[in-house]
Every structure is written in C-alpha cells, then in structure tokens.
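Structural characterization, general
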Amino acid sequence: MLPFPEAAERAVGDSQLRHNLRMATRTIRHKREEVVGELDDWSALRAAGKAVKDRTLRHLDTYLERLEAAVTAAGGRVHWAADAAEANEIVTGLVRATGETDVVKVKSMATQEIELNEALAQAGIIAYETDLAELIVQLSDDLPSHILVPAIHRNRAEIREIFRDRMAAWGVAAPEGLGDDPRALAEAARVHLRERFLRSRVAISGANFAVADTGTMVVLESEGNGRMCLTLPQTLISVVGIEKVVPTWSDLEVFLQLLPRSSTGERMNPYTSTWTGVAPGDGPQEFHLVLLDNGRSDVLADEVGRQALRCIRCSACLNICPVYERTGGHAYGSVYPGPIGAILTPQLRGTASAQEASLPYASSLCGACYEVCPVAIDIPEVLVHLREEVAASPGHRAEKAAMGAAGWVLGGERRLGAAQRAASAARSVVPRRMPGPASAWTDTRDIPEIPEESFRAWWRREGAAEPAPGADPAEPGRSGGDEEGGRR
Ligand code: SF4
C-alpha cells in the first residue's frame with residue numbers, strides 16, 4: 001500500500017472516480033441532513049450515544065464477561081481471539097468441523113479487517129459475499145472503498161460489465177442482454193444469490209451491536225441478504241469486535257435511532273435482525289461468537305485515542321469529508337477509509353510504516369466529521385494527537401531538530417533580531433524551493449519573499465517618529481479618542 005499522499009495523487013487524477021464519489025456522497029449527505037433535522041432531540045440522542053459507549057468502554061471487561069455468560073446460557077459458544085491470526089484460525093477450524101467447503105457471508109468490517117476470506121481460501125473454503133456492493137467488489141477482485149457502500153467508486157455501467165463478465169465464474173450467470181437499469185442489476189444479483197442462500201449450510205457474520213444482558217447479536221442491513229444468512233444455514237459464526245458490546249436493550253434503542261439516520265439517511269432501518277444463542281427447530285442450530293481484540297485493548301489504553309472505539313460505522317464522517325470526496329476510500333489503504341480510518345487504522349496497526357504514519361495527515365482538520373458524528377468522536381483531536389505521535393518517532397528527527405532550532409530563535413528577542421538581519425542580508429541567494437527531502441515543504445507552499453528590512457528594524461528606525469493610528473496628527477503623542485493619551 002502506498003502512503004496516503006501518493007495514493008491520493010493517483011486517485012484525484014481519476015475523473016470518473018471523482019464524479020461517482022461526488023454524486024454518491026452528496027446524495028447520502030443530503031438525505032442524512034433532512035432526517036436528522038426532523039428530530040428536536042438529536043443532540044440529546046447524540047450525547048446519550050456517546051455516554052453509553054463511554055460507560056461501556058470504562059467497564060468493558062465486566063460487560064464482555066456478562067455477554068459471554070448470556071451467550072453460553074442461550075446455547076451459543078464464545079471464543080476469544082487476541083489477534084487476526086487467532087480469529088482466522090478459530091473460524092477456519094469451526095467451518096472445517098462442519099465438513100463444508102463454502103460459506104455465505106453477511107457484510108462485516110471485522111472479517112475484512114482480519115482478512116478472513118483470504119485465510120479461508122488458503123484452507124480451501126470459499127466465502128461468498130451476499131451484500132450487493134460486497135458482491136460487486138468480490139466479483140471484480142476489487143477492494144471496498146466505503147464503509148456503507150463498498151462499491152461507491154463504481155457506476156452502473158461498470159457494474160453491468162462486472163456482472164456480465166464474472167458472475168458465471170461464481171455461480172448463476174447474469175441474464176443475456178443485461179442492461180444497466182438498477183432494477184435489472186438488482187434482479188440479476190437476487191437470482192445469483194438466492195441459489196447460494198438455499199445451498200449454504202454455514203454463514204459468517206459480524207454484528208453492529210451485542211447486548212450483554214441477554215447475549216443478543218444485532219445486525220442492521222438494507223437488502224435482506226443478512227436475514228437470509230442469519231436464518232437459513234445450520235451453523236452461524238459471528239466475528240465481533242470487543243467494542244461492539246452494549247449493556248442493555250435500552251442502550252441499544254439509542255443506537256437504533258442514531259445509526260439509520262446517520263448512515264443511509266433513513267428514519268428506520270429496513271432489516272434489523274437479532275438472535276440470541278440457538279432455538280431448537282428455528283434458525284441455525286449451532287452458534288459461535290468470536291470476540292475479536294486485534295489491537296482494540298491498546299486503543300482503549302490511550303486516553304485520547306480511545307474515543308475511536310465509540311464508532312458505530314455509520315460512515316457519516318466519510319460522506320462529509322472534503323478529502324474523502326476527492327480521493328475515495330482506496331487511498332487510505334485500509335478497510336476503514338475516510339476520517340474514521342485516519343484515526344482507527346494507525347491505532348490498530350501502529351504508525352511504524354510510512355503508509356500508516358501518513359494517515360493522521362489525511363485531513364484538513366476542518367472539523368466537519370466531528371459535527372456529523374452521531375457519537376461525537378472528536379476526530380480532529382485524535383488526528384492531532386496521532387500527528388504528535390508520528391512527529392515524535394525516529395523518522396522525524398530532522399523536523400524535530402528544525403522545530404527545536406526555530407523555537408530557540410523565536411524565544412529570544414536578540415536571537416530573533418540577529419536571525420532577521422542575517423535573512424535580509426542573504427535574501428538574494430535564498431532559493432524559492434527547498435533542496436533535498438525538505439522540498440516536500442515547498443512543493444505545495446511558496447517561501448515568502450524576505451524583505452530588505454524587518455518590521456522590527458523599520459519600527460526602531462521610523463516608528464518612534466510616526467503618530468500612532470488614530471492619534472491627532474496636530475498634537476503628536478495624543479490619541480484622538482483617548483483622554484489619557486499617550487503612545488500605544
Ligand atoms: S466516526 Fe462517527 S461519523 Fe464516522 S463512521 Fe464512526 S460513528 Fe460514523
């Protein structure tokens with residue numbers, strides 16, 4: 001993966017991509033604005049969502065143990081995975097134990113984060129994505145570029161080509177003469193997926209929320225594919241990040257109001273599925289919950305950065321972000337793109353590589369993401385915090401030394417005066433572009449022209465003889481409207 005600046009430079013050169021993104025993000029953004037504006041108590045709901053998440057994160061150990069006990073009591077089995085490798089091993093083992101070689105999947109960020117599909121493929125198990133946008137991404141051997149709309153970078157003409165060229169290799173082929181009408185495309189996907197739903201005996205999902213009190217998993221989706229995966233197969237495996245737990249159903253109620261309005265701009269979510277363990281003769285008869293850490297405990301330990309764990313993956317911050325709208329999601333090099341990706345990925349993966357270290361800078365710090373976030377994550381605050389961390393790393397020693405020298409010069413009047421005189425004397429030989437690695441600074445900035453004389457020198461020479469602004473020129477030393485007079 002390229003560092004963000006290089007990846008973004010490529011992306012902004014793709015005018016089709018920018019057009020697709022502009023259309024899609026504007027549409028969702030306006031829908032969100034309308035439905036959020038309908039609620040008088042939106043700010044109170046937002047504060048409640050923040051408070052519930054903060055309280056849960058403060059006592060995360062307690063709620064996770066409560067969740068484990070409730071899931072077990074309801075007939076499910078809980079597995080703890082410290083990292084991606086462990087989670088993949090657990091899931092692969094569970095699928096193997098069923099004797100099946102293919103699974104259907106509900107859209108899940110956690111399984112993308114741990115690259116579960118790739119791990120399953122290595123074990124000879126094919127994972128079939130069933131969310132329409134994820135299906136498009138999978139068929140085209142592409143990467144998701146948006147949390148909610150993973151194929152947001154594709155338009156319908158491109159989707160028709162993907163369906164026509166690739167569907168047959170994955171199951172039921174696209175119909176002859178398929179056009180790019182959205183209804184026809186949706187019907188082709190429906191026919192292709194239905195056969196898969198009816199054949200698969202194992203499903204893998206994530207969960208938007210996990211209710212600790214009852215051990216209930218909750219998935220919100222818009223197409224009904226999730227409902228099919230969660231009810232038809234015999235075995236259901238849910239991979240869920242440890243931050244997804246909420247204490248009670250009353251707490252869940254807050255998020256069921258916040259999430260649909262913030263994500264799809266709908267008043268109510270179309271398909272909200274909940275399941276608690278297993279019920280004889282009804283739905284999957286085997287249920288496994290894999291609780292995933294994969295860096296989350298480290299994020300929780302960071303007093304500023306931990307607020308990123310409040311995220312409910314609504315994607316409102318992506319749709320409002322001027323940087324995301326121009327670059328799209330691939331430039332972020334992570335399953336989590338946009339503003340939330342810029343703060344979550346470096347915290348989950350660390351900032352040792354150039355790619356991850358570049359992410360906290362993938363923002364103008366305009367603050368729009370914070371304004372729309374339904375759980376009030378102060379993304380700019382975390383970005384600045386992470387920039388401090390990156391700047392303190394060994395790779396930034398030269399910059400740190402330069403800032404230290406600048407601080408020393410600016411910290412003393414005589415030193416500053418001497419530096420200004422030296423700069424004025426050398427002004428004719430100072431280049432407009434910096435040489436070497438420092439050229440990155442001047443590639444996008446002009447070095448201001450150095451004046452012959454500094455303001456301070458001019459003031460010493462001329463200032464004492466000039467009347468202060470607003471002073472009565474007829475009476476030097478007396479200010480026009482100030483009875484006390486005197487120099488300012
Ligand atoms: S950071 Fe906030 S706005 Fe962005 S996806 Fe998460 S909850 Fe939504």
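Computed from a predicted structure; not experimentally measured. (Residues numbered from 1 in each chain as written. Predicted model: local features only at pLDDT ≥ 70, side-chain atom pairs only at ≥ 80, totals over all residues. Heavy atoms only, no water.)

**Concerning the overall build of the chain**
- The number of helices and strands found in the chain is 23 helices and ten strands.
- Structurally, the chain occupies a C-alpha span of about 100 × 50 × 45 Å along its principal axes.
- Sequence separation of 24 or more characterises 72% of the internal contacts of the chain that already satisfy a separation of 6 or more.
- Carbon together with sulfur atoms contributes 53% to the accessible area of the chain, which is approximately 23,900 Å² in total. (Helix = DSSP H or I, 4+ residues; strand = E, 2+ residues; numbered from the N terminus. Contact = heavy atoms within 4.5 Å. Areas by Shrake-Rupley, 256 points an atom, 1.4 Å probe, with all protein chains shown as cover.)

**With respect to the site of the ligand**
- Contacts to the ligand come from Cys 311, Ile 312, Arg 313, Cys 314, Ser 315, Cys 317, Ile 340, Cys 373, Pro 374, Val 375, Ile 377 and Ile 379.
- Here the residues of the shell around the ligand are counted per class, giving ten nonpolar, one polar and one charged. (Near = heavy atom within 4 Å. Nonpolar A, V, L, I, M, F, W, Y, C, P; charged D, E, K, R; others polar.)

**Some points on the packing of aromatic side chains**
- Going through the model one piece at a time under the given rule, you end up with eight aromatic pairs.
- Judged by centre distance (6.3 Å) and plane angle (85°), the rings of Trp 275 and Phe 287 are edge-to-face. Placement of Trp 275 in strand β9 (residues 271–276) and of Phe 287 in strand β10 (residues 286–292) is noted, with a sequence separation of twelve residues between them.
- Take Trp 275: its relative accessible area is 11%, and that puts it in the buried class.
- Taken together, a centroid distance of 6.3 Å and an interplanar angle of 45° make the contact between Trp 458 and Trp 459 tilted.
- Here Trp 458 falls in the partly exposed class, since its relative accessible area comes to 33%.
- Here a set of aromatic residues connected by ring pairs shows up, and it is made of Phe 4, Tyr 324 and Tyr 332.
- The aromatic ring of Tyr 370 is capped on one face by Arg 46, whose charged end is 5.3 Å from the ring centroid. (Phe/Tyr/Trp six-rings, centres within 6.5 Å; stacked < 30°, edge-to-face > 60°. Buried < 20%, exposed > 50% of the residue type's maximum accessible area, 1.4 Å probe, protein only. Lys NZ or Arg CZ within 6 Å of the ring centre and 35° of its normal.)

**Comments concerning the sheet that holds strand β1 (residues 77–81)**
- With parallel pairing, the six strands of this open sheet are ordered in space as β1-β10-β7-β4-β2-β3. The two strands at the open ends of the sheet, each matched to only one other strand, are β1 and β3 (126–129). Between one strand axis and the next, the sheet turns by 25° as a mean value, whatever way the strands run.
- Pairing between strand β2 (residues 102–105) and β3: four bridges, direction parallel. What sits directly across from Asp 102, in β3, is Ile 126. (Pairing = 2+ DSSP bridges. Axes fitted to C-alpha atoms, helices over the stretch in contact; angles between N-to-C directions.)

**Section: the side chain of Asp 251**
- You can see Asp 251 is positioned in helix α12 (residues 249–263).
- Beyond its immediate stretch of four places on either side in the chain, Asp 251 contacts Val 52, Arg 55 and Val 246.

**Focus on the packing of helix α9 (residues 156–170) against helix α10 (residues 182–199)**
- Running from N to C, α9 and α10 point in directions that differ by 20°, and their axes come no closer than 11 Å. With respect to α10, the axis of α9 lies roughly parallel. Handedness of the α9/α10 crossing: left-handed. Between α9, through Arg 156, Ile 159, Arg 160, Phe 163, Met 167 and Trp 170, and α10, the contact on the second element is made entirely by Pro 182, Leu 185, Ala 188, Ala 189, His 192 and Arg 196. (Parallel < 35°, antiparallel > 145°, perpendicular 65-115°, else oblique. Left-handed = near helix turned anticlockwise from the far one by under 90°.)

**Concerning the nonpolar core**
- If you look at the biggest cluster of nonpolar residues, it comprises 98 residues, and the most contacted ones within it are Leu 67, Phe 163, Phe 209, Met 217, Leu 289, Ile 340 and Ile 343.
- Setting aside anything within four residues of it in sequence, one finds Leu 289 in contact with Leu 67, Val 71, Arg 77, Val 78, His 79, Met 217, Ser 238 and Val 240.
- Among the nonpolar cores identified, the runner-up in size contains 20 residues, and Ala 127, Val 202, Ile 204 and Val 239 belong to it. (Core = buried A, V, L, I, M, F, W, Y, C linked by side-chain atoms within 4.5 Å.)

**Section: the packing of helix α3 (residues 42–58) against α12**
- Across the interface, α3 lies against α12 with an axial gap of 9 Å and an inter-helix angle of 125°. By the angle class used here, α3 and α12 are oblique. For the pair α3 and α12, the crossing hand works out as left-handed. The residues of α12 that touch α3, namely those facing Trp 42, Leu 45, Arg 46, Ala 48, Gly 49, Val 52, Lys 53 and Arg 55, are Asp 251, Val 254, Phe 255, Gln 257, Leu 258, Arg 261 and Ser 262.
- Its residues assigned to classes, the contact of α3 with α12 comprises seven nonpolar, three polar and five charged.

**Notes on the confidence of the model for the chain**
- Predicted confidence across the chain gives a mean pLDDT of 92, with 95% of residues reaching 70 or more.
- Note on residues 472–488: pLDDT is under 50 here. Beyond four places in sequence and across chains, it has 21 contacts. (pLDDT = per-residue confidence, 0-100.)

**Brief notes about the environment of Trp 249**
- Secondary-structure assignment places Trp 249 in helix α12.
- Taking the relative accessible area as the measure of exposure, Trp 249 reaches 41% and is therefore partly exposed.
- Separated by 87 residues in the primary sequence, Trp 249 and Ile 162 place their C-alpha atoms 41 Å from one another.
- Apart from residues lying up to four places away in sequence, Trp 249 is in contact with Val 211, Thr 214, Thr 216 and Thr 274.
- Polar side-chain contacts of Trp 249 include one of 3.0 Å to the side chain of Thr 214. (Polar contact = N/O pair within 3.5 Å; in protein donor to acceptor, adjacent residues only side chain to side chain.)

**Here's the deal with the state of the cysteines**
- Applying the stated criterion across every chain, the model contains zero disulfides.
- Here Cys 369 stays unpaired: no disulfide links it, and the sulfur of Cys 366, its closest cysteine neighbor, is 6.1 Å away. (Disulfide = S-S within 2.5 Å.)

**Notes on the sheet that holds strand β8 (residues 245–246)**
- Read across the open sheet, the four strands follow the order β8-β5-β6-β9; overall the sheet is mixed. Only two strands of the sheet have a single partner each, and these edge strands are β8 and β9.
- For strand β6 (residues 216–221) and β9, the ladder comprises six bridges, and the chain directions are antiparallel. If you follow Val 218 over to β9, its bridge partner there is Thr 274.

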